[in-house]
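# Reading the structure
Take a look at the letters that make up each chain.
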Amino acid sequence: MLKPIGYIVGESEPTRFTFAVLPDSVPPILEYVCVYVPENIDGARLEVPVLAQVQRIIQRNPLLNEYTSSNAISKLSMTNVGIHQILAEARVLGYSYKGKVRYPRYAPLPGSPVYRAPDDLLRALYQVEPDSAIHIGHLINRPDVDVYLDVRGFSRHVAILAATGAGKSHTAGVIIEGLLKKGATIVAIDPHGDYSRMHEAADGRAFHELSDRITIFSVGPYSIGKTRYYIKVSDLSEDELAYMARIPSSAVNIRFILSLALKRLHEKHVDDKSFDLDELISLLNKWGRGDIEEPYKSRLKGIKDWNKSIFNTIKYLEQLKKLRVFSRSSVPLNHLLKPMHLSVINLTGVPFEAQDIVVYDVLRRIFISRVNAVTNSSGEKFPYPVFIILEEAHRFVPPRRDSSTYSSTIIRTIASEGRKFGVYLIVISQRPSKIDSDVLSQCQSQIVLRIVNPIDQRTISESSEAFSEPLLENLPGLNVGEAVIVGPIVRTPVMVKVKEKRITKHGGMDLPIVSLLKKAREEATMEAQGITEVERARYYITRIRREISGE
């Protein structure tokens, strides 16, 4: 039988209530409680156990207030008069009925007993059908109550938001593992290498059960990796190439010359459909020397200062070439997208201009392949939904008022239209206020870890109707790995401790600053003492041996 931990006092509402806590039953903040409320259900008046979560704990003594003198406080404390009162404020979560979450229409009666919620009631409230369930962790304060995300909710896009170091990339890794086990096709945009070691095991082993379902793509020549991702020049339209080269729309002659050169190369490569920037620049140099075939000669000669315009076109393309992400060929779509597979686009060390262009190219190909599959159009097709992990989203799709990136156009398109074509975004950022508001508002589910910046908190509140003021107040007090989750991926807003155990290796760990500084100090000392490099090497070998042996 349940034992009361307190009784409702003062005014109560269907959404919240206050209860006086019994001195020997004080709950921690965020604890789950329940109270029985009479509700009209299917024509009958029934008492149902309504669940709530403690938001505030208040202790007070009517004899002690801000006007009480220090002498009076000292004397009262010596008398040990135990008349203090403990109050708890609770936010109503709802009750489970026939597998669905319902919200009460009636307020609990003052004087009603409040109980610590049984684990079974909480499991019933947060349960998800096994075929749709992804294990994310457990309830804060209730390690025995697991929490699952509903994979169907990902179709409305998801945002993972948190301050640096709060655990957002780890959380994304947990979700990726869960999606992979469900058979999902995932592409992770990885600017800092957070996901580029997921093919390794978390316990130090080289491989794990999902290793053969993870491919790491390095961009151009910037990173060491078996598989490189290049942008195929011949797949780009003249507008796309001009935009990437930052040719202004007012440069009509330059854009016209670029279109003619592309047309000429497409004619030349009608069979293999393959050319690169070097061949494009070579053709323009040839034209600049006056070696121009018809009908291009007559069309170029109609341009005033056509030699100068050709020279300027070459300058733009030479700048673009320096990014070193263009080639005659690219990764085949069936290598990038596979059922039950994660493709990580490792952008570590790549200049942002190149990152921006690559992200645009990858997302454009994914979106077009899904549009073609759904509409049965010609071109590259992929028959299954695709989940896109977009790390550092604020860099790729900032607010329109601040700046514009090339990739922001396709990201906004996916945010607004991706759902009907089976392309689902999971945007990740430590600065939600720096993400385009239209994109963030399209993410109907949000996983928010610790955030202390008031501007970012306000942005979160404005972007999601499900994020109430009480939930917002809890964000600064969350510990690392704790999150508030709202939206279609959960049955009702929930506060969760994200599970720590993963089978994949996390690549976003902080550097071991203390040990590195110690090593630097040792090296500086040995250098000052005139110790040779050979003697240093012997010293480090001896130290490593001792560490391995546990000495």
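Here, the structure is the one placed above.
Residues numbered from 1 in each chain as written. Predicted model: local features only at pLDDT ≥ 70, side-chain atom pairs only at ≥ 80, totals over all residues. Heavy atoms only, no water.

The helix and strand tally for the protein chain stands at 17 helices and 21 strands. Radius of gyration (C-alpha) of the protein chain: 30 Å, far over the 24 Å computed for a compact globule of 551 residues. Its C-alpha atoms give the protein chain principal-axis dimensions of about 105 × 80 × 50 Å. The 551 residues of the protein chain split such that 49% are buried. Approximately 27500 Å² of the protein chain is accessible, and the part contributed by carbon and sulfur atoms is 51%. (Helix = DSSP H or I, 4+ residues; strand = E, 2+ residues; numbered from the N terminus. Rg over C-alpha atoms; globule rule 2.2 N^0.38 Å. Buried < 20%, exposed > 50% of the residue type's maximum accessible area, 1.4 Å probe, protein only. Areas by Shrake-Rupley, 256 points an atom, 1.4 Å probe, with all protein chains shown as cover.)

We now examine the side chain of threonine 185. Here threonine 185 shows up in strand E11 (residues 185–190). Within the local environment of threonine 185, its side chain forms a polar contact with the backbone oxygen of lysine 338, the two atoms lying 2.8 Å apart. The contacts of threonine 185, once residues within four sequence positions are left out, are Leu337, Lys338, Pro339, Met340, His341, Phe382, Pro385, Val386 and Phe387. (Polar contact = N/O pair within 3.5 Å; in protein donor to acceptor, adjacent residues only side chain to side chain. Contact = heavy atoms within 4.5 Å.)

Before going further, it helps to examine helix H16 (residues 513–528). With 16 residues, H16 ought to run about 22 Å at 1.5 Å a step, and its terminal C-alpha atoms sit 22 Å apart, in line with that. Phi turns positive one or two residues past the end of H16, at glycine 530, with a value near 75 degrees. (Expected span 1.5 Å × (residues − 1).)

Of the strand pairs in this sheet, strand E8 (residues 133–139) and strand E9 (residues 142–150) are connected by six bridges, and their pairing is antiparallel. When the bridges of E9 are listed, leucine 139 appears paired with arginine 142. In textbook terms, the turn of a hairpin is the stretch between consecutive antiparallel strands, and for E8 and E9 this stretch comprises two residues, one of which, asparagine 141, has a positive phi near 75 degrees. (Pairing = 2+ DSSP bridges.)

On to the packing of aromatic side chains, then. One pair of aromatic rings is described through two measures. These are the centre distance and the angle between the planes. Inspection of every chain in the model, using the stated rule, returns 10 aromatic pairs. With a centroid separation of 6.1 Å and an interplanar angle of 50 degrees, the aromatic rings of phenylalanine 17 and phenylalanine 19 are classed as tilted. Judged by relative accessible area, which is 2%, phenylalanine 17 ranks as buried. Accessibility expressed as a relative area gives 0% for phenylalanine 19, which makes it buried. Ring centres 5.6 Å apart and planes at 25 degrees place the aromatic pair tryptophan 287 and tyrosine 296 in the stacked group. Here a set of aromatic residues connected by ring pairs shows up, and it is made of Phe154, Phe387 and Tyr424. (Phe/Tyr/Trp six-rings, centres within 6.5 Å; stacked < 30°, edge-to-face > 60°.)

With that out of the way, let us pick up a nonpolar patch on the surface. Among the surface-exposed residues, Val26, Ile29 and Ile57 lie close enough to one another that they form a single nonpolar patch of about 210 Å² accessible area. Topologically, valine 26 is positioned in the loop between strand E2 (16–21) and strand E3 (32–41). (Patch = residues over 30% accessible without salt bridge, like charges linked within 9 Å, V, L, I, M, F, W, Y side chains within 5 Å. Salt bridge = Lys/Arg side-chain N within 4 Å of Asp/Glu carboxyl O.)

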